[in-house]
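The chain contents come next:
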Amino acid sequence: MSGDGDNGGGIGSGIGGAAGDGPRDRAGMTQGARATGGPDTGTDTGADAGARAGAGSGVDAGADAGADTGTAARLQKLFEGHRLTPTQRRIAHCMVRRAADAPFLSSVELAELAGVSQPSVTRFAVALGFDGYPALRRHLREVAPTEKPGDTGSYNEYQQAVQAEIDNLRHLAAALADPSPVIEAGRLFAASRPLPVLGLRAATAQAAGFSYFARKVHPDVRLLDEGGTMLTDRIDAAVRAGASALLCFALPRHPREVVDALEYARTAGLTVVTVADSAFAPVAHHTDLLLPAAVGTGLAFDTACAPMLLGRVLLEAMCDALPDAQARLEEFDARAAARGLFVE
């Protein structure tokens, strides 16, 4: 869809987090997973209370997307359909974000990376239907590339951060092989009048960028970028005005306010669509349609190129679902030209 000159510039990549937010592990990637709620019935415990994503990814990650992308997609399909404990979800999360290395990690190495005990890794493999972790690793080696990816040690830390973001974008490209979740989200946004868009702390830039461009084609977009007691009031106001859906950008570190707000929004009758760093993010239990896009953690503050690009893809899907979107953009172009708004 063509747009005005302002559309071409875009918004910054939304780097970093709020004060006190430190480096985080890079999240894995799945495609358009629907989150499933319900309490965890397992006995194993862990620090990661992220929810399991339930629906299939439908991703055929071929050579064009890179070997690590294919391994990540296969890992996601392996984990789907299993009810995992919080500790087991933590291990799954670790394996997805380290997809290229997963077939070569020992149980001790995986336990250290995930921050769990070695017996927990064994129980995780058994929960997936294997006799133990060696059987799981043999399976991964059978379906993964035969050689470990080449050494990137010749890159400096800045180049490594860029390469990591390129990998994240490859994961996103593979995920979008099935565009149906994004198309569904676009239809939900187009039908919601108004459309509230939530993003706090590190996700504020993503929510603000989406809202800025969405207002050019959607008649009523409401940015929710401040927490506190007024947040639920603003959700209530959107519902009273006729809102049927809410878009949330949720990035690490995940504020408790966001989790609470999504739970409240669903209780209020809104369909929640969330762009998160991982299908295992804490917001998954409170999301109707989860669209993962990994963040980079090679620098002091997270980089969020994939979530930003996914936001633009959602904008395109919403425009496709709005019959007057092109006319609105052309009208804006005409007004901008009359006002001399942009420097040619």
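Bear in mind that the values here come from a model prediction, so they are computed numbers and not experimental data.

Caption draft 1: Structural detail: the overall build of the chain. What the chain contains, in helices and strands, is 13 helices and five strands. Of all 344 residues assigned to the chain, the portion counted as buried reaches 50%. Within the chain, contacts between residues at least 6 apart in sequence are counted, and of these 75% link residues at least 24 apart. Accessible area of the chain: about 15,200 Å², with a carbon and sulfur share of 52%.

Caption draft 2: Quick peek at the side chain of Thr 287. The topology assignment puts Thr 287 in the loop between strand E4 (271-276) and strand E5 (289-292). A polar contact is formed between the side chain of Thr 287 and the side chain of Thr 274, at a distance of 3.0 Å. Within polar-contact distance, the side chain of Thr 287 engages the backbone oxygen of Val 283 at 2.9 Å.

Caption draft 3: Main features of the packing of helix H3 (residues 86-97) against helix H5 (residues 118-127). Where H3 contacts H5, the axes come no closer than 10 Å and their chain directions differ by 85°. Judged by the inter-axis angle, H3 sits roughly perpendicular to H5. In contact with Thr 87, Gln 88, Ile 91, Ala 92 and Met 95 of H3, H5 contributes Ser 120, Val 121, Arg 123, Phe 124 and Ala 127. Of the residues in the contact of H3 with H5, the class split is six nonpolar, three polar and one charged.

Caption draft 4: Broad picture of the packing of H3 against helix H4 (residues 107-114). Orientation of H3 relative to H4, taken along the N-to-C sense of each, is 100°, at an axis distance of 9 Å. Taken as axis vectors, H3 and H4 run roughly perpendicular relative to one another. Residues Arg 90, Ile 91, Cys 94, Met 95 and Arg 97 of H3 form the contact with H4, whose participating residues are Leu 110, Leu 113 and Ala 114. Partitioning the contact of H3 with H4 into residue classes produces six nonpolar, no polar and two charged.

Caption draft 5: Seen up close, the nonpolar core. One finds Phe 189, Phe 210, Leu 247, Leu 314 and Met 318 to be the most contacted residues of the largest nonpolar core, which totals 35 residues. By residue number, the principal contributor to this core is helix H12 (residues 305-321), which donates seven residues. Those residues in contact with Leu 314 that sit more than four places away from it in its chain are Val 182, Ala 185, Phe 189, Phe 210, Leu 247, Val 275 and Leu 291. Formed by 27 residues, the second largest nonpolar core is a distinct cluster that contains Met 95, Ala 102, Ala 125 and Leu 128.

Definitions and cut-offs
- Residues numbered from 1 in each chain as written.
- Predicted model: local features only at pLDDT ≥ 70, side-chain atom pairs only at ≥ 80, totals over all residues.
- Heavy atoms only, no water.
- Helix = DSSP H or I, 4+ residues; strand = E, 2+ residues; numbered from the N terminus.
- Buried < 20%, exposed > 50% of the residue type's maximum accessible area, 1.4 Å probe, protein only.
- Contact = heavy atoms within 4.5 Å.
- Areas by Shrake-Rupley, 256 points an atom, 1.4 Å probe, with all protein chains shown as cover.
- Polar contact = N/O pair within 3.5 Å; in protein donor to acceptor, adjacent residues only side chain to side chain.
- Axes fitted to C-alpha atoms, helices over the stretch in contact; angles between N-to-C directions.
- Parallel < 35°, antiparallel > 145°, perpendicular 65-115°, else oblique.
- Nonpolar A, V, L, I, M, F, W, Y, C, P; charged D, E, K, R; others polar.
- Core = buried A, V, L, I, M, F, W, Y, C linked by side-chain atoms within 4.5 Å.

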